[in-house]
Amino acid sequence: MALDQGNGSFTGQTESHAFAGFLFDVDGTIINTTDAVTKHWQRIGAELGVDPDVILRNSRGRRSIDTLRLKLGMSVSLPGPPQCHIDIYATDVRHIESLIPKLYGSGVTEIRGARPLLKSMGEANAPWALVTSCTRTLLSGWLDLLALPSPPASVAAEDVAAGKPDPACYNLGRERIGLGERARVLVAEDAPAGVKAGKAAGCMVLGLATTHGVDQLRDAGADWIIEDLTCVKVAGKGDDGWEISIEKMWVQNE
């Protein structure tokens, strides 16, 4: 089903911009896991006696620990910063997520343009990282499954005390690629919660209309919106950083 494009179209003229580094969300931005995640939460919902549609409406772009704890009222454990530990039921999110690629990985594909873009980032020696709401075990599972380029750095659910839309993950991602808070950094995101996190971290945000409608991404604060990563090209390193071109951006109808 085509996502809502709002009152506009993906016909914007190409723009060039320079950035000191790049931070990519994973689910919906680099990898299309919609079918796998849907089946996963349907199984969890059945086990908990909760309508899976309720879970799915609130889970996109958020950590499982936040969905289980805040949306379903469960107490869960997630090894990492002390603030993440909640031990009443001791449900280990890492174990739950480690099963997803094994059970549902056959339907997972990469987002169009993701592989060549990440490859070109490496060839240009551009600082980049993956910043995801999934656990490190799930991140490794997806990367191994699709044999995608390994990131120079990454931030996973265990690494921060608060998930998206809190900016902690993108602040840490910027730090892990060696950049300060004043550096011009581009975040690529598909979910409103992630867009908000990137903007709160002081980054520019490129929204991908792969899982949410344009209006949702725009209302969350995305600076540009595109259909997929085929619209992004690395031009090389210039005086102001690594230059990219952004093609076929969403523009409002006049």
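Residues numbered from 1 in each chain as written. Predicted model: local features only at pLDDT ≥ 70, side-chain atom pairs only at ≥ 80, totals over all residues. Heavy atoms only, no water.

In the annotation of an unreviewed UniProt entry, the chain is listed under the name Glycerol-3-phosphate phosphatase and assigned to Letharia lupina.

Caption draft 1: Summary view of the confidence of the model for the chain. Predicted confidence across the chain gives a mean pLDDT of 86, with 84% of residues reaching 70 or more. Note on residues 74-90: pLDDT is under 50 here. Beyond four places in sequence and across chains, it has 48 contacts. (pLDDT = per-residue confidence, 0-100. Contact = heavy atoms within 4.5 Å.)

Caption draft 2: Looking closely at helix 6 (residues 114-123). All of the buried residues along helix 6 are Ala114, Leu117, Leu118, Ser120 and Met121. Considered in projection along helix 6, the buried side chains sweep an arc of 160° and stay on one side of the axis. Pointing more than 90 degrees away from the buried face of helix 6 are the exposed residues Pro116, Lys119 and Glu123. On its buried side, helix 6 packs onto strand 3 (21-24), strand 8 (128-131) and strand 13 (232-238). Asn125 occupies a position one or two residues after helix 6 and carries a positive phi of about 60°. (Buried < 20%, exposed > 50% of the residue type's maximum accessible area, 1.4 Å probe, protein only. Helix = DSSP H or I, 4+ residues; strand = E, 2+ residues; numbered from the N terminus. Arc of directions from axis to C-beta.)

Caption draft 3: The arrangement of empty space enclosed by the protein in detail. One pass over the full model with this rule turns up two cavities of 30 Å³ or more. Empty space within the second largest cavity amounts to approximately 40 Å³. As for the second largest cavity, its lining consists of Phe22, Phe24, Leu117, Met121, Leu186, Ala188, Leu206, Val232 and Ile244. At the level of secondary structure, the elements contributing two or more residues to the lining of the second largest cavity comprise strand 3, helix 6 and strand 10 (185-189). Of the residues in the lining of the second largest cavity, the class split is nine nonpolar, no polar and no charged. (1 Å grid on protein atoms, 1.4 Å probe; cavity = no way out; pocket = protein on both sides within 12 Å on 5 of 7 lines; lining within 4 Å. Points joined across faces, edges and corners; volume = space filled by probe spheres on them. Nonpolar A, V, L, I, M, F, W, Y, C, P; charged D, E, K, R; others polar.)

Caption draft 4: How the structure looks around the pattern of salt bridges. Taken as a whole, this structure holds 11 salt bridges when the rule is applied. A salt bridge links Arg115 to Glu110; its shortest N-O distance comes to 2.7 Å. With a relative accessible area of 29%, Glu110 lands in the partly exposed category. The salt bridge partner of Arg218 is Asp215, with a shortest N-O separation of 3.1 Å. Remark: Asp215 and Arg218 occur in helix 10 (residues 214-220); sequence separation between them is three residues, near one turn of the helix. The partly exposed category is assigned to Asp215, whose relative accessible area is 27%. Among the charged side chains, a salt-bridge network with shared partners connects Asp25, Lys164 and Glu189. (Salt bridge = Lys/Arg side-chain N within 4 Å of Asp/Glu carboxyl O.)

Caption draft 5: Broad picture of the packing of aromatic side chains. Here the structure, examined in full by the defined rule, presents three aromatic pairs. Seen from their ring centres, Phe19 and Trp224 are 6.3 Å apart, and the 90° between their planes marks the pair as edge-to-face. You can see Phe19 sitting in strand 2 (residues 15-19) and its partner Trp224 sitting in strand 12 (residues 224-226), a full 205 residues away along the chain. Ring centres 6.1 Å apart and planes at 80° place the aromatic pair Phe24 and Trp128 in the edge-to-face group. Of the two residues, Phe24 sits in strand 3 while Trp128 sits in strand 8, which places them 104 residues apart along the sequence. Of the two residues, Phe24 and Trp128, neither departs from the other in class, the shared state being buried. (Phe/Tyr/Trp six-rings, centres within 6.5 Å; stacked < 30°, edge-to-face > 60°.)

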